[in-house]
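Residue strings, one per chain:
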Amino acid sequence: MDAPPETYDAIILGAGGAGLMCAAVAGQRGRRVLVIDHADAPGKKILISGGGRCNFTNLHTAPDRYLSANPHFAKSALGRYAPPDFIAMIDAHGIAWHEKTLGQLFCDGSAKQIVAMLLDECDKGDVTIRCGVALGEIGHADGRFAVSHGRYTAQAPALVIATGGPSIPKMGATGIAYDIARRFGLKVVEPRPALVPLTLGGEGGGEGALFKALSGVASEVVAGAGKARFREAALFTHRGLSGPAILQVSSYWRHGETVGIDFVPGRPAGWLRDAKRTRPRAGVRSILGAALPDRLAEALADRLGLAGELANLTDRALEAAERRLADWRFAPDGTEGFAKAEVTVGGIATAGLSSQTMEARGVAGLYAIGEAVDVTGWLGGYNFQWAWASGWAAAQTL
């Protein structure tokens, strides 16, 4: 026999970073909160993040490091709950951490510590967390939401969509957030995979074959798509390109566009001509070999087609080689999709939400937070900071 309806102040759909943060803060504000998740345990994506050590925030968090149809939307939440605020919680729980590179903060130990911390914070607020239950009907009448889940039905004046996006479906991710949003009249910006490896066919001038032949080679580059540029490592794979620099530009790349790679970042104009004067007997292959992994240097030198000693090559040919090395173009035929995407670009349109409270403008008591919303951060802890900040912002008014 089904249990009678339970009454709460807020029902949060999703026990990920944003949902748990929102629940903990609201619970500690005296709200009676229920968190529902179909996964068998909370924080599944947190546990696999950062190689199991959770890249939980970034010291350089700023609104310009997020993609959204409204680039100003994230300012309020990020400004009111910043990295030092989350770090203070980490420190209060005695979790050791370190900065890896570029402001990225990781646990010294395990991502399990972050999940345990959030669950402890939820306990302080007497939050009820119900995992491993299938979401059923969601009703809305007389200013109250009714959510059936498993053999339970819960009612509350507030409903928070924190179910994330469709990235990493093997972790149980789905697009249910968009279905719920549309049902209540909210628009959805078309979701697409982000922070995802790019794939190359064997066609396209043979560039795909070039990169496949270099599978396993990594090198620091500047990768660019549109106006975005990132200087980090690129990794050549049997399917195309990956590595931090490529994951970053994947969020900006659109089908049909090219991606440019500067294989020799920081080199001044004329550096090959200068090498011709200082090392006239050297070849392009050896010059590149001093700056790049051997296999990469050899492959690029072969593609440039400049055989022989530098002394026998014209300045014009060397200048052309410099330009190509600084902006080597290739045309991806796609990405590795949501299965390999760390996050999702797009989602519930911010036009229908308050940037201060994350509440839907047209439906009192309905909120959307975290990855479910059309706000996507760079690689390196930015998306977790958005989860914390947006969850905190919503919790202030639940």
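Details of the structure are given in the entry above.
Remember, predicted model here, so these are calculated numbers, not experimental data.

A. Highlighting the overall build of the protein chain. A tally of helices and strands in the protein chain yields 13 helices and 23 strands. Within the protein chain, the proportion of its 398 residues that are buried is 54%. Put simply, of all contacts in the protein chain between residues at least 6 apart along the chain, 72% involve residues at least 24 apart. Working note: accessible area of the protein chain is about 16600 Å², and carbon and sulfur atoms make up 51% of it. Averaging the coordinates of the 41 positive side-chain charges in the protein chain and doing the same for the 39 negative ones gives two points 4 Å apart.

B. Spotlight on the pattern of salt bridges. By the definition in use, this model includes 12 salt bridges. The residue Arg231 makes a salt bridge to Glu220 at a minimum N-O spacing of 2.8 Å. In this pair, Arg231 sits in strand S16 (residues 228–236) while Glu220 sits in strand S15 (residues 218–225), placing the two residues 11 residues apart along the sequence. Classification of Arg231 as partly exposed rests on a relative accessible area of 44%. Taking relative accessible area as the criterion, Glu220 reaches 45% and is therefore assigned partly exposed.

C. Molecular detail of the packing of aromatic side chains. Across all of its chains, the model carries 13 aromatic pairs by this definition. Pairing Phe86 with Trp388 gives two aromatic rings, centres 4.3 Å apart and planes at 5 degrees, and the pair type is stacked. One end of the pair, Phe86, is in helix H4 (residues 83–92); the other, Trp388, is in helix H13 (residues 382–395), and 302 residues separate them in sequence. Like Trp388, Phe86 is buried. Ring centres 6.0 Å apart and planes at 45 degrees place the aromatic pair Phe230 and Tyr252 in the tilted group.

D. Expanded view of the nonpolar core. One finds Ile114, Leu288, Ile348, Trp386 and Trp388 to be the most contacted residues of the largest nonpolar core, which totals 131 residues. For this core, the element with the most residues is H13, which contributes nine residues. Beyond its immediate sequence surroundings of up to four residues, Ile114 is in contact with Ile46, Cys54, Phe56, Phe86, Ile90, Ile95, Cys107 and Trp388.

E. Representation of the sheet that holds S16 in the model. Taken in spatial order, the seven strands of this open sheet run S19-S18-S15-S16-S17-S14-S20, and their pairing is antiparallel. At either end of the open sheet lies a strand with only one pairing partner, and these are strand S19 (328–330) and strand S20 (334–335). Sheet analysis places S15 next to S16, joined by eight bridges and oriented antiparallel. Paired with Gly224 across the bridge in S16 is Arg229. Together, strand S18 (259–262) and S19 form the strand contacts of helix H12 (residues 315–326), whose direction differs from that of S18 by roughly 115 degrees.

F. Structural context of helix H11 (residues 294–304). Within H11, burial applies to Leu296, Ala297, Ala299, Leu300, Ala301 and Leu304. Following H11 by one or two positions, Gly305 has its phi on the positive side, about 70 degrees.

G. Summary view of the pairing of strand S7 (residues 104–107). With burial as the criterion, each face of S7 is covered, one bearing Gln104 and Phe106 and the other bearing Leu105 and Cys107. The sheet contact formed by strand S6 (residues 97–99) and S7 spans three bridges and is antiparallel. Of the residues in S7, the one forming a bridge with Glu99 is Leu105.

H. Fine view of the packing of helix H9 (residues 271–278) against H12. Contact geometry for H9 and H12: axes closest at 8 Å, N-to-C directions at 135 degrees. Regarding the angle of H9 to H12, the classification is oblique. Together, Trp271, Leu272, Arg273, Lys276 and Arg277 of H9 and Asp315, Leu318, Glu319, Ala321, Glu322 and Leu325 of H12 make up the contact between the two elements. In terms of residue class, the contact of H9 with H12 is made up of five nonpolar, no polar and six charged.

I. Spatial organisation of unusual backbone geometry. Look at Leu102: it is not a glycine, yet its phi comes out positive at around 50 degrees. Tracing the sequence through the fold places Leu102 in the loop between S6 and S7. Judged by its relative accessible area of 48%, Leu102 is partly exposed. Within the chain, Asp126 stands out as a residue other than glycine whose phi angle is a positive 55 degrees.

J. Local environment of the packing of H4 against helix H5 (residues 112–124). The contact between H4 and H5 brings their axes to 10 Å, and the two run at 90 degrees. As judged from the angle between their axes, H4 and H5 are roughly perpendicular. Two secondary-structure elements touch here, H4 through Phe86, Met89 and Ile90 and H5 through Ile114, Met117 and Glu121.

K. Examining the state of the cysteines more closely. Following the criterion strictly, the structure yields zero disulfides and no others. Of all cysteine sulfurs in the structure, the one in Cys54 sits closest to Cys107, which takes part in no disulfide; the separation is 5.4 Å. Taking relative accessible area as the criterion, Cys107 reaches 0% and is therefore assigned buried. No disulfide involves Cys122; its sulfur sits 9.5 Å from the nearest other cysteine sulfur, which is in Cys22. Given the relative accessible area of 0%, Cys122 is considered buried.

Each value, and the rule that gives it
- Residues numbered from 1 in each chain as written.
- Predicted model: local features only at pLDDT ≥ 70, side-chain atom pairs only at ≥ 80, totals over all residues.
- Heavy atoms only, no water.
- Helix = DSSP H or I, 4+ residues; strand = E, 2+ residues; numbered from the N terminus.
- Buried < 20%, exposed > 50% of the residue type's maximum accessible area, 1.4 Å probe, protein only.
- Contact = heavy atoms within 4.5 Å.
- Areas by Shrake-Rupley, 256 points an atom, 1.4 Å probe, with all protein chains shown as cover.
- Lys, Arg positive; Asp, Glu negative; His and termini not counted.
- Charge placed at Lys NZ, Arg CZ, Asp CG, Glu CD.
- Salt bridge = Lys/Arg side-chain N within 4 Å of Asp/Glu carboxyl O.
- Phe/Tyr/Trp six-rings, centres within 6.5 Å; stacked < 30°, edge-to-face > 60°.
- Core = buried A, V, L, I, M, F, W, Y, C linked by side-chain atoms within 4.5 Å.
- Pairing = 2+ DSSP bridges.
- Axes fitted to C-alpha atoms, helices over the stretch in contact; angles between N-to-C directions.
- Parallel < 35°, antiparallel > 145°, perpendicular 65-115°, else oblique.
- Nonpolar A, V, L, I, M, F, W, Y, C, P; charged D, E, K, R; others polar.
- Disulfide = S-S within 2.5 Å.

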